[in-house]
There are 2 protein chains.
Amino acid sequence: MGEKKVDMKPVNEKVISPAVIKRLPRYYRYLGDLLKNDVVRISSKELSRKMNVTASQIRQDLNNFGGFGQQGYGYNVEFLYNEMGRILGLDKTNNIIILGAGNLGQALANNQEFDNNGFKIIGLFDVNPRLIGMTVRGVEVYDIDALGEFLAKHKAVIAALTLPRSKAPKIAKELVDLGVKAFWNFAPIDLNLPEDVLVENVHLSESIMTLSYRIHSINS
Amino acid sequence: MGEKKVDMKPVNEKVISPAVIKRLPRYYRYLGDLLKNDVVRISSKELSRKMNVTASQIRQDLNNFGGFGQQGYGYNVEFLYNEMGRILGLDKTNNIIILGAGNLGQALANNQEFDNNGFKIIGLFDVNPRLIGMTVRGVEVYDIDALGEFLAKHKAVIAALTLPRSKAPKIAKELVDLGVKAFWNFAPIDLNLPEDVLVENVHLSESIMTLSYRIHSINS
């Protein structure tokens, strides 16, 4: 076919803005849906209508990675989907441990969407004896005291923290000492870890407060 | 005291940027911590060191609401905390219903932080007969078919959707017809609701993909 098979690495090693990065998973989701519906190609205009963003933003975002629509042809859906997955690191297996096996930890372990994208939960950890030994979708809940032993045998790329605010910072520091370099943090606190450690926060109370702001700034 | 008691409404009804709004809950959290530690006042410089943002950003953000530090005095912590809470609508009671009483729905219902900020879970709803009739922290799980009846008696300001992707859009539309105007959406799909309906998305798989991007863009 005539589509331009450009390798979608950032052009000239230029820094991609966090705003663009945050939009990539949404492109990936829409492209996955198109693929499931057997759509072979799509113009930036059609994609923009579906995603409710401007066609020019789509072109600009994708240009960060070398672009690769073709004038008059549009984007090859499968190619773009696969490239986008590769950019997002979804072609690799990302082993995850979950700290805290309460409702939220279990909800994450039960999320089937993660499996499909290379995220593999390899263990849950808790202090609660009623939870330890239990399995969630086949994954065991271990005693948090066994963390060092576990990580000596298994490599975890990401640690998801679904711990109380009072416990999260201490355990995060221990995990850094044990070699974990990326945190998905649900605890409502800033972790303040070394600069080379990545932290992605999901602060649920901040999210609902933002919604509350929007509700009341309209009504007042 | 000498502090400037300005009413923190947006100045001249100017539009506050979403980026500023997203930062407000974090200010609120830090101010709450300071207050718990009996800190009476704080300079933008000290606050900036704690929060790891620039003092000038803090001053600019707060200036959106009329500012109210005083040169050489700094911010009155309790006053700023209360005003920030008021701006965020946390002085009102926001009744919430949770659609989906699985792990994630239960995790939200169990989150004590919400109570302290005026968010009140008034009901959970599910289709699963094993969950219906159960209570989570005293809040009942109702049959989702009873939604109309429930909302005829109780006003819900916010509907939290912890539903599968396949069910969320239909139920969201029903809720809009029943008068719900704000959604806290955890389903991995865009809801496409009428323009006057507010949606705050928490897309967990997009969040972890963003983290994966950052991990693999460093390592590659």
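Below is a summary of the structure that appears in this document. The shown structure was predicted, so the numbers you read here are calculated from the model rather than taken from an experiment.

### As for the sheet that holds strand β8 (residues 182-185) of chain A
Residue and element names in this part refer to chain A.
Part 1: Taken in spatial order, the 7 strands of this open sheet run β5-β6-β4-β3-β7-β8-β9, and their pairing is mixed. Edge positions in the sheet fall to β5 (135-136) and β9 (198-201), since each of these pairs with one other strand and no more.
Part 2: As paired elements, strand β7 (residues 158-161) and β8 share 3 bridges and run parallel to each other. Bridged to Ala160 within β8 is Trp184.
Part 3: Relative to the sheet, helix α8 (residues 168-177) contacts β3 (94-99), β7 and β8, its axis offset from that of β7 by approximately 170 degrees.

### Section: the relation of the copies chain A and chain B
Part 1: Each copy of the sequence occupies a distinct position, and chain A is placed on chain B by a rotation of 180 degrees and an axial shift of 0.0 Å, giving an RMSD of 0.0 Å. On this basis, the relationship between the two copies can be described by a two-fold rotation axis. Among all residues of chain A, the one whose C-alpha sits closest to the rotation axis is A:Asn103, at a distance of 2.4 Å.
Part 2: Here 100% of the contact residues of chain A are again contact residues in chain B; the copies associate through an equivalent surface.

### Description of the pairing of strand β6 (residues 139-143) of chain A
Residue and element names in this part refer to chain A.
Part 1: The pairing of strand β4 (residues 119-126) with β6 spans 3 bridges and is parallel. In the sheet register, Leu124 faces β6, and the bridge partner there is Val141.
Part 2: As paired strands, β5 and β6 are joined by 2 bridges and run antiparallel to one another. Across the sheet, the residue bridging to Val136 is Val139, located in β6.

### Things to note about the pattern of salt bridges
Part 1: Summed over all chains, the structure comprises 24 salt bridges over all chains.
Part 2: What you see here is one network of salt bridges that share partners, running through A:Arg26, A:Arg29, B:Asp190 and B:Glu206.

### A word on the interface of chain A and chain B
Part 1: On the chain B side, the residues contacting the 59 residues of chain A number 60 residues.
Part 2: Summed over both sides, the interface of chain A with chain B buries roughly 5,300 Å², with 61% coming from carbon and sulfur.
Part 3: It is A:Ile208, A:Met209 and A:Tyr213 that lose the most area in chain A upon contact with chain B, and together they represent 14% of the buried surface on that side.
Part 4: Counting every contact that joins chain A to chain B gives 10 salt bridges.

### Quick notes on the sheet that holds strand β9 (residues 198-201) of chain B
Residue and element names in this part refer to chain B.
Part 1: One open sheet holds the 7 strands; their spatial order is β5-β6-β4-β3-β7-β8-β9, and the pairing between them is mixed. With one partner strand each, in any of the chains shown, β5 (135-136) and β9 form the two edges of the open sheet.
Part 2: Contacts from helix α8 (residues 168-177) reach β3 (94-99), β7 (158-161) and β8 (182-185) within the one sheet, and its direction differs from that of β7 by about 170 degrees.

### Here we look at helix α2 (residues 44-51) of chain B
Residues and elements named next belong to chain B.
Part 1: Turning to α2, its buried residues are Ser44, Leu47, Ser48 and Met51. What you see down the axis of α2 is that its buried residues fit within an arc of 100 degrees, all on one side. Residues Lys45 and Arg49 are exposed on α2 and point more than 90 degrees away from its buried face.
Part 2: On the buried face of α2, the contacting elements are α1 (18-36), β1 (41-42), α3 (55-63) and β2 (75-76).
Part 3: Looking at the residues trailing α2, positive phi occurs at Asn52, about 60 degrees.

### Focus on the nonpolar core
Part 1: Ranked by internal contacts, the top residues of the largest apolar core, which has 102 residues, are A:Trp184, B:Ile158 and B:Trp184.
Part 2: The contact partners of B:Ile158, leaving out residues within four places of it in the chain, are A:Ile208, A:Leu211, A:Ile215, B:Asn94, B:Asn95, B:Ile96, B:Ile97, B:Phe119, B:Ala182 and B:Trp184.

### Looking at the side chain of A:Ser207
Part 1: Among the secondary structure elements, A:Ser207 is positioned in helix α9 (residues 204-219).
Part 2: A:Ser207 gets classed as buried once you look at its relative accessible area, which sits at 12%.

### Digging into the environment of B:Ser48
Residue and element names in this part refer to chain B.
Part 1: With respect to the element layout, Ser48 can be found in helix α2.
Part 2: Separated by 11 residues in sequence, Ser48 and Arg59 place their C-alpha atoms 9.7 Å apart.
Part 3: The contacts of Ser48, once residues within four sequence positions are left out, are Val53, Thr54, Ala55 and Ile58.
Part 4: A distance of 2.9 Å separates the side chain of Ser48 from the backbone oxygen of Lys45, its partner in a polar contact.

### Some words on the packing of aromatic side chains
Part 1: Taken as a whole and judged by the stated rule, the model has 14 aromatic pairs over all chains.
Part 2: Taken together, a centroid distance of 4.5 Å and an interplanar angle of 10 degrees make the contact between A:Tyr28 and A:Tyr81 stacked. Of this pair, A:Tyr28 sits in helix α1 (residues 18-36) while A:Tyr81 sits in helix α4 (residues 77-87), placing them 53 residues apart in sequence.
Part 3: A ring pair is formed by B:Phe114 and B:Trp184, whose centres lie 5.7 Å apart and whose planes are at 75 degrees; its orientation type is edge-to-face. Note that B:Phe114 is positioned in helix α6 (residues 112-116) and B:Trp184 in strand β8, a separation of 70 residues in sequence. Accessibility classification places B:Phe114 together with B:Trp184 in one group, the buried group.
Part 4: An aromatic cluster is defined as three or more aromatic residues linked by ring pairs; in this entry it consists of A:Phe114, A:Phe119, A:Trp184 and A:Phe186.

Reading guide: rules and limits
Residues numbered from 1 in each chain as written. Chains lettered and ligands numbered in written order. Predicted model: local features only at pLDDT ≥ 70, side-chain atom pairs only at ≥ 80, totals over all residues. Heavy atoms only, no water. Pairing = 2+ DSSP bridges. Helix = DSSP H or I, 4+ residues; strand = E, 2+ residues; numbered from the N terminus. Contact = heavy atoms within 4.5 Å. Axes fitted to C-alpha atoms, helices over the stretch in contact; angles between N-to-C directions. Least-squares fit on C-alpha atoms with pLDDT ≥ 70 in both. Salt bridge = Lys/Arg side-chain N within 4 Å of Asp/Glu carboxyl O. Buried area = accessible area lost by both parts, 1.4 Å probe. Buried < 20%, exposed > 50% of the residue type's maximum accessible area, 1.4 Å probe, protein only. Arc of directions from axis to C-beta. Core = buried A, V, L, I, M, F, W, Y, C linked by side-chain atoms within 4.5 Å. Polar contact = N/O pair within 3.5 Å; in protein donor to acceptor, adjacent residues only side chain to side chain. Phe/Tyr/Trp six-rings, centres within 6.5 Å; stacked < 30°, edge-to-face > 60°.

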